[in-house]
Amino acid sequence: MNSDKITKIVLLSASLIILLVSGGMVFSLVKGAIPTFHAFGLNFIISNQWDPSQGKEAYGALPFIAGTIMTSVTALLICLPLSFSTSLFLGEYFKDKKIARVIRLMVDLLAGIPSIVYGLWGFYVLRPLLIDLGLPNQGFGVFTASLILAIMIIPYATSLSNEIITMVPNDLKEAAYSLGATRYEVIFNVIIPSARSGIIAGYILAFGRALGETMAVTMLIGNANVIPTGFFDTGNTMASVIANQFGEADGLKLSSLIAIALLLFLITGIINAIGKLIIKKMA
Amino acid sequence: MKENIEKIKDPIISTRNLSIAYDKGNYAVKQVSVDIKKNSVTAIMGPSGCGKSTFLRAINRMHELYENIETEGEVFLNGKDISKMQVIKLRRMAGMVFQRPNPFPTMSIYDNVIAGYKLNGIHIKKKEKDEIVERSLLDVSLWDEVKDSLFKKGTFLSGGQQQRLCIARALAFNPKVILLDEPTSAIDPVATSKIEDLLVKLKKNYTILMVTHNMSQAARISDYSLFMYLGELVEYGKTKNMFTNPKDRRTEEYLTGKFG
Ligand SMILES: Nc1ncnc2c1ncn2[C@@H]1O[C@H](COP(=O)(O)OP(=O)(O)O)[C@@H](O)[C@H]1O
Ligand SMILES: [Mg+2]
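Residues numbered from 1 in each chain as written. Chains lettered and ligands numbered in written order. Predicted model: local features only at pLDDT ≥ 70, side-chain atom pairs only at ≥ 80, totals over all residues.

> So, the interface of chain B and chain A: which residues are in play, and what are the values?
If you look at the interface, chain B gives 19 residues, while chain A gives 16 residues. The dominant element in the side of chain B that touches chain A, judged by the number of residues it contributes, is helix 4 (residues 115-119) of chain B, at 4 residues. The residue makeup of the side of chain B that touches chain A, split by class, is 9 nonpolar, 5 polar and 5 charged. (Contact = placed C-beta atoms within 7 Å. Helix = DSSP H or I, 4+ residues; strand = E, 2+ residues; numbered from the N terminus. Nonpolar A, V, L, I, M, F, W, Y, C, P; charged D, E, K, R; others polar.)

Okay, here's the thing in C-alpha cells:
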C-alpha cells in the first residue's frame, strides 16, 4: 500500500468515528427518552408538573423550557448593547489604536474561560453584591443566572460581530468617505447595513450558546422545578435541571431528564444551523 | 519649478512641495509641485508603486482617514488651500472613483446615485432627487440602460455599468474635479472604451485627473500627462509632446517599455 492510500483510510476512519459517535448519541438519547414520551406523550413538552413522589410520578419540561428562554433572552438583551458597542469600538472607531488591541486580547481571553470559573465568581462575588442590593432568595434566581450568562456570552458575541464588521470591504467605506460622509454616517449607513445579516447570525449563535450553558447557571439559578413567576424568582433551565438531578435519578425520572436533553439538543442544533446558514449565505 | 514641468495658467488644482509618507521619513510622494489644467483630462502615469494613488488621494484628503500618514506641502483647489477647507465640502468638490467598481451593495441604483445626499442626511425634494439621478446617469450614458430598473440593486449591473454608476455617484454633487484611480483596470475592453469616451465627454464640464498604468489609454484620452517615478514628479506636459518627445531619460525609458 502506498502512503496516499494509508492516509485516505486513516482520514476516512476518523470521520466515520465522528459520524458513529454522533449517531450513537442521538440513538441513545431517543432510546432513553422513549419511556417518558410513552408515559406522557407530547404533553411532556407543555406540562408544568415535575413531581417525583412515589406512586403519582408526573414529569413535564415546561418549567425548564420557560427557565431556559427567560434566562437566555434576558442575557441576550443585556449582552446586545454592550457587545455591539464594543465591537464597533474595536472594529471601526479605534481599530488602529493600542487600546483596541488590548481590549481585543481581553475579549479573546474572556471567551476562553471555563464556565465553572464564571460560576464560582458569580456565586462568591456577584451574588453577595446582589443580596446587598436587596435581591431576594439569597441572590439566587433567573436574574442572577441571566447576568452571569450575559457576562459569559458578551466576549463571544463581541468577537463574532467585530469579525463581521471588519469584513466590510474597505473599498465601500472609502467610497462613502469620498462622498463626504462622516465616520458616524459610514458606520450607520454603510457598515451596519452591509454587515447586518452577519451580525444577526452572530447573535443567534450567542443565543444558542446561552441556551445550553450549564455550570454557571446551575450554581446561580436556585434550582427550583417550577415556572419562575418573576425575574427574581428561582427556577431551573433545561441544562441546569439535568446537571442538578441526574446523579440521583433513575427510572421514569431519568428518562425525563434524557428527554429534556434531547429537546435541548434539537433546539440548540436548529439555532446553530440557522446562524451558520446566514453566515454562509453572506460569505 | 523644474524645467520638465509645464506651467499652467489658472489651474484648477495646484500642489506645492507635496510630500506624503506612510511611515515617518519614508516618502511615497516627494516634493511634487504641479498645476492641473481646468477642463482637461490629465493622466498620472508611472510604474507600479511610484506613488500615483498616494498623490491622487492627497487631493481629497483621503489620507486623513488613516493615522500615521504624514502629508507635507500644500494643495490648492480652485485657488483655496484644501487643508483650510471643510473636508466634507472638499470631497463634494472633488469626486473620487476607485479601481474596483464599488457601488453600495445594500442600495438600489437610484439610491447609489444620490448616496452622497443620503449618507450626509441632506434632505432634498423627490423631484430634485429624480432630476439629479437622471442628469447623473445621462452624464455617464447609463440612463437608457437602467431607467427601467432604477430600484434594483446596483450590484446586479455588469462591471462596466457598475463603474459608470460609481462615476455617476461622484457627479451627483456637481464636483469641480473627478479623481479616478485606474478606473478601467478591472473592466473588459469594450466597457473600458465606453468609459474612455465618457471621460473625454465629461471634460467639458469637469476636470478629470486619472491614474492609469496603461500608456495607450493615456495617449488616447489625456490632454496632459504627468510621469512619476519613485515618488518624484519627473515630467509633466501636453500628452502629445511627452509621447513624441520626452524630455527626461526616465520618461523615455518608461514610454518605450524599458520598465514598468
Ligand atoms: N497603506 C499603505 N501603507 C504603507 N505603504 C503604502 C501604503 N500604500 C502604498 N504604500 C507604499 O507607497 C508607495 C506608493 O504606493 P502607491 O501610491 O499605491 O503606488 P501606485 O499607485 O503608483 O502603484 C509604494 O511603495 C507602496 O508600497
Ligand atoms: Mg495605485
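> Which residues make up the sheet that holds strand 3 (residues 41-45) of chain B, and what are the values?
Residue and element names in this part refer to chain B. With respect to topology, 6 strands assemble into an open sheet ordered 6-7-8-3-9-10, the strand pairing being mixed. Two strands lie at the open edges of the sheet, namely strand 6 (94-97) and strand 10 (232-238), each paired on one side alone. In this sheet, adjacent strand axes meet at a mean angle of 15° when their direction is disregarded. Packing of helix 7 (residues 159-171) onto the sheet brings it into contact with strand 6 and strand 7 (177-181), and relative to strand 6 it is tilted by some 165°. (Pairing = 2+ DSSP bridges. Axes fitted to C-alpha atoms, helices over the stretch in contact; angles between N-to-C directions.)

> I'd like a rundown of the nonpolar core, residues and numbers included.
Membership of the largest hydrophobic core comes to 137 residues, with the highest contact counts inside it found for I153, A206 and I260 of chain A together with L226 of chain B. Counting residues per element, this core draws most heavily on helix 6 (residues 142-167) of chain A, at 14 residues. Contacts of I153 of chain A, omitting those with residues within four sequence positions, involve A75, C79, A206, R209 and A210 of chain A. (Core = buried A, V, L, I, M, F, W, Y, C linked by C-beta atoms within 7 Å. Buried ≥ 20, exposed ≤ 12 C-beta atoms within 10 Å, placed from the backbone.)

> A description of the site of ligand 1 should follow, citing residues and the corresponding values.
Lining the immediate surroundings of ligand 1 are Y22, A28, G46, S48, G49, C50, G51, K52, S53 and T54 of chain B. Looking at side-chain class alone, the shell around ligand 1 contains 3 nonpolar, 6 polar and 1 charged residues. (Near = placed C-beta within 6 Å.)

> Outline unusual backbone geometry, supporting the account with residue identities and numerical values.
Residues and elements named next belong to chain B. Positioned with a positive phi, N17 is a non-glycine residue whose angle comes to about 50°. Note on placement: N17 falls in strand 1 (residues 13-23). Positioned with a positive phi, N78 is a non-glycine residue whose angle comes to about 55°. Tracing the backbone through its elements, the reader meets N78 in the loop between strand 4 (70-77) and strand 5 (80-81). We classify N78 as partly exposed; it has 17 C-beta atoms within 10 Å.

> Got a sec to walk through the pairing of strand 2 (residues 26-36) of chain B? Specific residues and values, please.
All names here are of chain B. Where strand 1 meets strand 2, 7 bridges bridge the pair, whose relative direction is antiparallel. Counted as the bridge partner of D23 is N26 from strand 2. Hairpin connection, strand 1 to strand 2: the antiparallel pair is bridged by 2 residues, and G25 has positive phi, about 80°.

> Describe in detail the pairing of strand 8 (residues 207-211) of chain B, supporting the description with residues and values.
Residues and elements named next belong to chain B. A large share of strand 8 lies buried, amounting to 5 of its 5 residues. The side-chain alternation of strand 8 yields two buried faces, one formed by T207, L209 and V211 and the other by I208 and M210. The sheet contact formed by strand 3 and strand 8 spans 4 bridges and is parallel. Bridging across to strand 8, V41 finds its partner in I208. With 5 bridges connecting them, strand 7 and strand 8 associate as parallel partners. By the bridge assignment, L179 is partnered in strand 8 with L209. Read as a crossover between parallel neighbours, the route from strand 7 over helix 8 (residues 189-202) to strand 8 is right-handed. (Right-handed = clockwise from strand over helix to strand, strands pointing away.)

> Describe the packing of helix 8 (residues 183-212) of chain A against helix 11 (residues 251-282) of chain A, and please don't skip the residues or the numbers.
Two numbers describe a pair of packed helices, the interaxial angle and the distance between the axes. Residue and element names in this part refer to chain A. Viewed as axis vectors pointing N to C, helix 8 and helix 11 meet at an angle of 160°, and their least axial separation amounts to 8 Å. One finds that helix 8 runs roughly antiparallel with respect to helix 11. The handedness of the crossing between helix 8 and helix 11 comes out as left-handed. Contact residues: S197, G198, I200, A201, I204, L205, F207, G208, L211 and G212 in helix 8; L264, I267, T268, I271, N272, I274, G275, I278, I279 and M282 in helix 11. Split by residue class, the contact of helix 8 with helix 11 holds 13 nonpolar, 7 polar and no charged. (Parallel < 35°, antiparallel > 145°, perpendicular 65-115°, else oblique. Left-handed = near helix turned anticlockwise from the far one by under 90°.)

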